Amino acid sequence: MSTLRLGDIAPDFHAETTQGPINFHEWLGDSWGVLFSHPADFTPVCTTELGTVANYVPEFTKRNTKVIALSVDDLESHKEWIKDINETQNTEVNFPIIADEDKKVANLYDMLHPNASDKFTVRSVFVIGPDKKIKLTLTYPASTGRNFDELLRVIDSLQLTANYSVATPANWKDGEDVVIAPAIPDSDIPAKFPKGHTPIKPYLRLTPQPNK
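The name given to the chain in an unreviewed UniProt entry is Peroxidase, with Flavobacterium johnsoniae as the source organism.

> Explain the overall build of the chain residue by residue, including any values.
Scanning the chain from N- to C-terminus turns up six helices and eleven strands. In terms of overall dimensions, the chain has C-alpha extents of about 60 × 40 × 30 Å along its principal axes. Out of the 212 residues belonging to the chain, those deemed buried represent 46%. The contacts in the chain between residues at least 6 apart in sequence include a share of 64% that link residues at least 24 apart. In the structure as shown, the chain presents an accessible area of about 10700 Å², 51% of it carried by carbon and sulfur atoms.

> Describe the nonpolar core, and please don't skip the residues or the numbers.
Of all hydrophobic cores here, the largest spans 27 residues; its most connected members are Val34, Phe36, Leu50, Val67, Phe95 and Val127. Going through the elements one at a time, strand E3 (32-38), helix H2 (44-62), strand E4 (65-71), helix H3 (75-89), strand E6 (123-128), strand E7 (134-140) and helix H5 (148-163) are the ones with two or more residues in this core. Not counting residues within four places of it along the chain, the set of residues in contact with Leu50 comprises Phe36, His38, Ala69, Trp81, Ile85, Phe95 and Ile97. By size, the runner-up hydrophobic cluster in this structure holds 20 residues, among which are Ala10, Ala15, Phe24 and Ile134.

> How would you sum up the packing of aromatic side chains? Please name residues and give values.
Using the criterion set out here, one finds seven aromatic pairs in the structure. Ring geometry for Phe13 against Phe24: centres 4.7 Å apart, planes inclined by 10°, an arrangement best described as stacked. Of this pair, Phe13 sits in the segment before strand E1 (14-17) while Phe24 sits in helix H1 (residues 24-28), and the two are eleven residues apart along the sequence. An aromatic cluster is present here, built from Phe13, Phe24, Trp27, Tyr109 and Phe126 joined pairwise through their rings.

> Describe the pairing of strand E10 (residues 198-201), with residues and values.
As paired elements, E10 and strand E11 (residues 204-207) share three bridges and run antiparallel to each other. Counterpart to Thr198 in the pairing with E11 is Leu206. Counting the residues that bridge the hairpin from E10 to E11 gives two residues.

> Please provide a residue-by-residue account of the sheet that holds strand E8 (residues 166-167), values included.
The four strands lie next to each other as E8-E9-E11-E10, forming an open sheet whose pairing is antiparallel. The two strands at the open ends of the sheet, each matched to only one other strand, are E8 and E10. Across two bridges, E8 lies against strand E9 (residues 178-180) in antiparallel orientation. If you follow Val166 over to E9, its bridge partner there is Ile180.

What counts as what
Residues numbered from 1 in each chain as written. Predicted model: local features only at pLDDT ≥ 70, side-chain atom pairs only at ≥ 80, totals over all residues. Heavy atoms only, no water. Helix = DSSP H or I, 4+ residues; strand = E, 2+ residues; numbered from the N terminus. Buried < 20%, exposed > 50% of the residue type's maximum accessible area, 1.4 Å probe, protein only. Contact = heavy atoms within 4.5 Å. Areas by Shrake-Rupley, 256 points an atom, 1.4 Å probe, with all protein chains shown as cover. Core = buried A, V, L, I, M, F, W, Y, C linked by side-chain atoms within 4.5 Å. Phe/Tyr/Trp six-rings, centres within 6.5 Å; stacked < 30°, edge-to-face > 60°. Pairing = 2+ DSSP bridges.

Set out below in structure tokens:
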């Protein structure tokens, strides 16, 4: 299929996971979701990533966000790998890992790397909203571990900007000032943003984060 773009509906699928069979859209329910893929089980960088995500699950849960991983190995391999992850990363993997032996999900999400073996999934990340639309995509090389603090930051921004007429500036973190959307005329700002605002330029107006 063609490459998925921001705003597209995330493809639905049925899959076997380490926590039982799921239908993806049904499993997501009204939550946000993070789907992230791994080239194979028993890979060093991904072992640290899955351990990190397990430790970050409470942070994702606070943001009404479910996490689910994918690898093209089978369930038994996943279960053995989880033992290693738990041991080496001092955690308990507490989210599902999809067994994608037939590469159905990898193909649906265009995760197969054209310049590697047909088993080598690209290390992709998809953030999906409750409306089942893709809100963010990231693709990492095999040699660089993913930054899950950045994913949490992006989810904070996505959830904020979905509910308010604002955008978040470079390096923004939850609690910092945000940018008023250009479509909002100056005359509407006092009613929409009662905390006040700072005009930098006519097109660059800052206001305290409205949901704090």
